[in-house]
Amino acid sequence: MCLAVPGRVVETYREHDLLMGKVDFGGVSRRVCLEHVPEVRPDEYVLVHVGFALSRIDEDEARRVFAILEEMDQLEELQEPSS
Amino acid sequence: MKHVDEFRDGQAARKLAAAIARAATRPWTLMEVCGGQTHSIVRYGIDQLLPGGVELVHGPGCPVCVTPLETIDRAHAIASHPGVIFCSFGDMLRVPGSRGDLLQLKAQGADVRIVYSPLDAVNLAAANPDRPVVFFAIGFETTAPPNAMAVWIAKKRKLANFSVLVSHVLVPPAIAAILDAPGNRVQAFLGPGHVCTVVGYEDYEKLSAQYRVPIVVTGFEPVDLLEGVLLAIRQLEQGRAEVENAYARVVDRQGNPHSLKLVNEVFEVCDRKWRGIGLIPSSGLRLRPEYRDHDAEQIFEVDDIETCESSVCISGEILRGLKKPHDCPAFGRECTPHSPLGATMVSSEGACAAYYAHGRHLELVALT
Ligand code: SF4
């Protein structure tokens, strides 16, 4: 029910006084209300729930966990040099 | 798909599981709050990747599951009115009320429609000015902004034929109720990432401080869930109790200010009954008086409805993390998604339904 999925904004337009947009979800495109992410630009990613964008996706933050995992790898290599 | 596939990466998931195994020196019980998280955990077998002793119990975070039977019966009564177009998200259609589900009502001739978005229901009202269009507005904080937007724009567009049947619930009072319950065994929470996208996590900081309980705001993909577990276990092991944000790619501490403003403009806090749990004070949202013209309960006279739940069902204890689906004698036997006896079997995000969908009832049969 609280499922929300990331999609890429393709274009934005106004309809009945609301900021709307065409958003692409891995090849499927849908109309999405963008009124609560007013600063969004085409090609950026938004998190969409029931046809409504809740938030923009921060690309730097999206990479963070993978950077931490890489660091963990490097630490392990330092601690246990491969034989 | 970008921002999905990389968070399902098996190698990253195994690394996180190994880090959890290194971090956990004794048994811990964690609760994921949101039904979407429960669904992912069971689907990807995240619970089975965890070291023995680290247990995930499933929280009350499925709005479909916790919508009271009376509200579903009210939806049926309204949908049965001649001329009404009754709109709902798909997952509410199979939820049984006292007299069957909305799909059966549709088969009997009622005009019941599935909409993808509440804004689609508003457009239906514009396209059918001579017919009442009612939208079944349920959900947590995540769904409150789109539902509030539907009511707000309908009022602005003067669509007098659009109304909503509201049964909105709020997460923090439910977490407090779980922590206050005698016999509580939850030691840390994976916070509901999409709820926090809207409301932020300041209220969760208060809960965490008041109850000395770690809360990690967590996403929904395998890597997200495992990172949430890892951070929670580290807090428990180090004796810390604070809020950490493991879902910062979409969640800010303050939430979405545009959403909070609109939700507050359209809705106000009220007491709400939760199916399987009972009344929780200040745990729901209802329309503010200025929007009562769009309140389906005011427009359609619906008599007080008496209902009674199955006596064998232990979904109330499951929703509070005290028990698991396997503990219920009816699980997978009398109670299945096709003939659900209780709240947690009705929606795919309910713990009983998630266990059933992923074959966990077969393990049970194999064991007995
Ligand atoms: S299996 Fe069915 S009867 Fe048992 S707790 Fe779950 S919903 Fe209730």
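1. As for the overall build of chain B
What chain B contains, in helices and strands, is 18 helices and 11 strands. In terms of overall size, chain B behaves like a compact globule, its C-alpha atoms giving a radius of gyration of 21 Å where 368 residues would be expected to give roughly 21 Å. The principal-axis extent of the C-alpha atoms belonging to chain B is close to 65 × 50 × 40 Å. By the burial criterion, 61% of the 368 residues in chain B qualify as buried. Considering only contacts within chain B whose residues lie at least 6 apart along the sequence, 77% involve residues at least 24 apart. By element, 50% of the accessible surface of chain B is carried by carbon and sulfur atoms, the whole surface being about 14,200 Å². Distance between charge centroids for chain B: 3 Å, based on 36 positive and 42 negative side chains.

2. Examining the packing of helix H8 (residues 144–156) of chain B against helix H13 (residues 257–266) of chain B
Residues and elements named next belong to chain B. Packing of H8 against H13 brings their axes to within 9 Å, and their N-to-C directions diverge by 55 degrees. Comparing the axis directions of H8 and H13 gives the class oblique. In the crossing of H8 with H13, the sense of the turn from one axis to the other is left-handed. Across from Ala144, Pro145, Ala148, Met149, Val151 and Trp152 in H8, the residues of H13 making contact are Ser259, Leu262, Val263, Glu265 and Val266. Looking at the contact of H8 with H13, its residues break down into 9 nonpolar, 1 polar and 1 charged.

3. So, the side chain of His3(B)
Inspection of the secondary structure puts His3(B) in the segment before helix H1 (10–23). Judged by its relative accessible area of 4%, His3(B) falls in the buried class. Of the polar contacts made by the side chain of His3(B), one reaches the side chain of Glu59(A); its length is 3.1 Å. Residues in contact with His3(B), not counting those within four places in the same chain, are Pro6(A), Tyr45(A), Ile57(A), Glu59(A), Ala62(A) and Arg249(B).

4. Quick look at H13(B)
Residues and elements named next belong to chain B. Every buried residue of H13 is listed here: Ser259, Leu262, Val263 and Val266. The buried side chains of H13 occupy one side of the element, clustering within an arc of 100 degrees when seen end-on. In H13, the exposed positions angled more than 90 degrees off the buried face are occupied by Pro257 and Lys261. On the buried face of H13, the contacting elements are H8, helix H10 (193–199), strand S10 (267–274) and strand S11 (278–287). Capping of H13 at its N-terminal end is provided by Asn256; its side-chain oxygen lies 2.9 Å from the backbone amide nitrogen of His258.

5. Quick look at the environment of Val199(B)
All names here are of chain B. In this fold, Val199 is placed in helix H10. When its relative accessible area of 28% is taken as the criterion, Val199 is described as partly exposed. Val199 sits 43 residues away from Glu242 along the chain, and the two C-alpha atoms are 17 Å apart. Not counting chain neighbours up to four residues away, the residues in contact with Val199 comprise Glu141, Arg253, Gln254, Gly255 and Leu260.

6. A short note on the packing of helix H9 (residues 171–180) of chain B against helix H11 (residues 202–211) of chain B
All names here are of chain B. Two elements in contact, H9 and H11, have axes separated by 10 Å at closest approach and are oriented at 10 degrees. In terms of orientation, H9 lies roughly parallel with respect to H11. Packed against H9, whose contacting residues are Val171, Pro172, Ile175, Ala176, Leu179 and Asp180, the element H11 presents Asp203, Tyr204, Leu207 and Tyr211 at the interface. Split by residue class, the contact of H9 with H11 holds 8 nonpolar, no polar and 2 charged.

7. Some points on the nonpolar core
Residue and element names in this part refer to chain B. Within the largest apolar cluster, 99 residues are counted, with the highest numbers of intra-cluster contacts made by Phe86, Phe135, Phe162, Phe189 and Tyr204. Here this core takes 7 residues from H8, the largest share from any one element. Setting aside anything within four residues of it in sequence, one finds Phe189 in contact with Met31, Val33, Ile175, Ile178, Leu179, Val213, Pro214, Ile215 and Val216. Counting 31 residues, the second-largest nonpolar core is a separate cluster that includes Ala12, Ala19, Ile41 and Ala232.

8. Regarding the site of the ligand
Inspection of the region around the ligand gives Cys313(B), Ile314(B), Ser315(B), Ile318(B), Cys328(B), Phe331(B), Cys335(B), Leu341(B), Gly342(B), Thr344(B), Met345(B) and Cys352(B) as its neighbouring residues. Here the residues of the shell around the ligand sort into 9 nonpolar, 3 polar and no charged.

9. Points about the pairing of strand S1 (residues 28–34) of chain B
Residue and element names in this part refer to chain B. The buried count for S1 comes to 7 of 7 residues, which makes it a mostly enclosed element. By the bridge criterion, 6 bridges tie S1 to strand S2 (residues 54–61) in an arrangement that is parallel. Bridge assignment links Cys34 to a residue of S2, and that residue is Gly61. Note that S1 and strand S7 (residues 188–192) share 3 bridges and pair parallel. Within S7, the residue paired with Glu32 across the bridge is Leu190.

10. Examining the confidence of the model for chain A
Residues of chain A with pLDDT of at least 70 account for 89%, and the chain-wide mean is 89. Confidence, read as mean pLDDT per element, is least for helix H1 (residues 59–79) of chain A in chain A (81) and greatest for strand S5 (residues 52–56) of chain A (97).

Rules of the game
Residues numbered from 1 in each chain as written. Chains lettered and ligands numbered in written order. Predicted model: local features only at pLDDT ≥ 70, side-chain atom pairs only at ≥ 80, totals over all residues. Heavy atoms only, no water. Helix = DSSP H or I, 4+ residues; strand = E, 2+ residues; numbered from the N terminus. Rg over C-alpha atoms; globule rule 2.2 N^0.38 Å. Buried < 20%, exposed > 50% of the residue type's maximum accessible area, 1.4 Å probe, protein only. Contact = heavy atoms within 4.5 Å. Areas by Shrake-Rupley, 256 points an atom, 1.4 Å probe, with all protein chains shown as cover. Lys, Arg positive; Asp, Glu negative; His and termini not counted. Charge placed at Lys NZ, Arg CZ, Asp CG, Glu CD. Axes fitted to C-alpha atoms, helices over the stretch in contact; angles between N-to-C directions. Parallel < 35°, antiparallel > 145°, perpendicular 65-115°, else oblique. Left-handed = near helix turned anticlockwise from the far one by under 90°. Nonpolar A, V, L, I, M, F, W, Y, C, P; charged D, E, K, R; others polar. Polar contact = N/O pair within 3.5 Å; in protein donor to acceptor, adjacent residues only side chain to side chain. Arc of directions from axis to C-beta. Core = buried A, V, L, I, M, F, W, Y, C linked by side-chain atoms within 4.5 Å. Near = heavy atom within 4 Å. Pairing = 2+ DSSP bridges. pLDDT = per-residue confidence, 0-100.

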